[in-house]
Amino acid sequence: MNRWLGHSVVKPLLFLLCLLPAAWLLWAAVNDQLGANPAEALIRSLGDWTLRFLVVVLAVTPLRVTTGLSVLARWRRMLGLFVFFYAGLHLLAYAWFDQGLELAAVVDDVIKRPFILVGMLAWCLLLVLASTSFNAAIRAIGARRWQLIHRAVYLIAGLAVLHFFWMRSGKNDYAEVAVYAAMLGSLLAWRVWRQIQGSRLSKRI
């Protein structure tokens, strides 16, 4: 399975697959297929896809460890950049359709609405991770510091769920929030468990 998934054609196909949601949303927007409020539908759909890709990224290591598919590690960086890609589109759609691309209006909204502030903080952290995801940045920062910086993904996951929770609180609809919180919480709990197991093993040795 590792050999098959490691074929040179698989990663480009995965890249195209990750672009499909954006392509479909673009097609739907152009062809007026986003419902009665297309701007809101586009903003929320892009936010949903950001959360989905965040779940996928955090699932890579557990899947790699439990299945033995080491090739999955080759996809993690690309998938992480797609989290930033969809988060950026989500922010752009909000700034464009909600605030008319007026920076002052965006800043004012960030100050007034906590869920916008939380979402902006998550995006800023994603920007840091994306800008340091390349080999040159890793060499410049150092592997240990790079790992510490990229642990911010756990904070990003928490901020993303909180952003989604506050956004849905106006409609008192928390079903999807609970699903994402459960998935992300489980993936983060797995990492904590692995660290505890690793520290116990090192003490025994």
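Structure: see above.
The rules behind each value
- Residues numbered from 1 in each chain as written.
- Predicted model: local features only at pLDDT ≥ 70, side-chain atom pairs only at ≥ 80, totals over all residues.
- Heavy atoms only, no water.
- Helix = DSSP H or I, 4+ residues; strand = E, 2+ residues; numbered from the N terminus.
- Buried < 20%, exposed > 50% of the residue type's maximum accessible area, 1.4 Å probe, protein only.
- Contact = heavy atoms within 4.5 Å.
- Areas by Shrake-Rupley, 256 points an atom, 1.4 Å probe, with all protein chains shown as cover.
- Lys, Arg positive; Asp, Glu negative; His and termini not counted.
- Charge placed at Lys NZ, Arg CZ, Asp CG, Glu CD.
- Arc of directions from axis to C-beta.
- Core = buried A, V, L, I, M, F, W, Y, C linked by side-chain atoms within 4.5 Å.
- Phe/Tyr/Trp six-rings, centres within 6.5 Å; stacked < 30°, edge-to-face > 60°.
- Axes fitted to C-alpha atoms, helices over the stretch in contact; angles between N-to-C directions.
- Parallel < 35°, antiparallel > 145°, perpendicular 65-115°, else oblique.
- Nonpolar A, V, L, I, M, F, W, Y, C, P; charged D, E, K, R; others polar.

### Thoughts on the overall build of the protein chain
Phase 1 of the analysis: On a plain count of helices and strands, the protein chain comes out with ten helices and zero strands.
Phase 2 of the analysis: Traced from its N-terminal end to its C-terminal end, the protein chain shows the element sequence α-α-α-α-α-α-α-α-α-α.
Phase 3 of the analysis: Based on the C-alpha atoms only, the size of the protein chain along its principal axes is roughly 60 × 40 × 40 Å.
Phase 4 of the analysis: Expressed as a percentage of its 205 residues, the buried residues of the protein chain come to 36%.
Phase 5 of the analysis: Intrachain contacts of the protein chain at a sequence separation of at least 6 include 67% that bridge at least 24 residues.
Phase 6 of the analysis: When the accessible surface of the protein chain is summed, it comes to about 12,600 Å², and 67% of that surface belongs to carbon and sulfur atoms.
Phase 7 of the analysis: Distance from the positive charge centre (21 side chains) to the negative charge centre (9 side chains) of the protein chain: 27 Å.

### Re helix 5 (residues 103-112)
Turn by turn, an α-helix covers 3.6 residues, leaving residues three or four places apart pointing in a common direction.
Phase 1 of the analysis: Those residues of helix 5 lying buried are Val106, Asp109 and Val110. The buried residues of helix 5 occupy an angular sector of 100° when the element is viewed end-on, so they sit on one face. Opposite the packed face of helix 5, turned more than 90 degrees from it, sit the exposed residues Ala104, Ile111 and Lys112.
Phase 2 of the analysis: Looking at the buried side of helix 5, the elements it contacts are helix 4 (73-98) and helix 6 (114-131).

### Looking at the nonpolar core
The tendency in soluble globular proteins is for nonpolar side chains to be buried side by side.
Phase 1 of the analysis: Within the largest apolar cluster, 51 residues are counted, with the highest numbers of intra-cluster contacts made by Leu54, Leu58, Trp75, Leu79 and Leu184.
Phase 2 of the analysis: Setting aside chain neighbours within four positions, we find Leu184 in contact with Leu51, Leu54, Val55, Leu58, Ala157 and Val161.

### So, the packing of aromatic side chains
Phase 1 of the analysis: Counting across every chain of the model gives eleven aromatic pairs.
Phase 2 of the analysis: Ring plane angle 90° and centroid distance 5.8 Å describe the contact between Phe82 and Phe85, whose orientation is recorded as edge-to-face. Residue Phe82 and its partner Phe85 are located together in helix 4, separated by three residues, close to a single helical turn.
Phase 3 of the analysis: Residue class for Phe85 comes out partly exposed when judged on its relative accessible area of 32%.
Phase 4 of the analysis: Where Phe165 meets Tyr174, the ring centres are 5.0 Å apart and the plane angle is 25°; that geometry is what we call stacked.
Phase 5 of the analysis: You can call Tyr174 partly exposed: its relative accessible area is 30%.
Phase 6 of the analysis: Through a chain of ring-to-ring contacts, the aromatic side chains of Phe15, Trp49, Phe53, Phe82, Phe85 and Tyr86 assemble into a single cluster.

### Observations concerning the packing of helix 2 (residues 10-30) against helix 3 (residues 38-67)
Phase 1 of the analysis: Axis separation between helix 2 and helix 3 bottoms out at 11 Å; the angle between their running directions is 175°. The angle between the axes of helix 2 and helix 3 places the two elements in the roughly antiparallel class. Residues Cys18, Pro21 and Leu25 of helix 2 pack against Leu42, Ser45, Leu46, Trp49 and Phe53 of helix 3.
Phase 2 of the analysis: Each residue belonging to the contact of helix 2 with helix 3 can be placed in one class, and the counts come to seven nonpolar, one polar and no charged.

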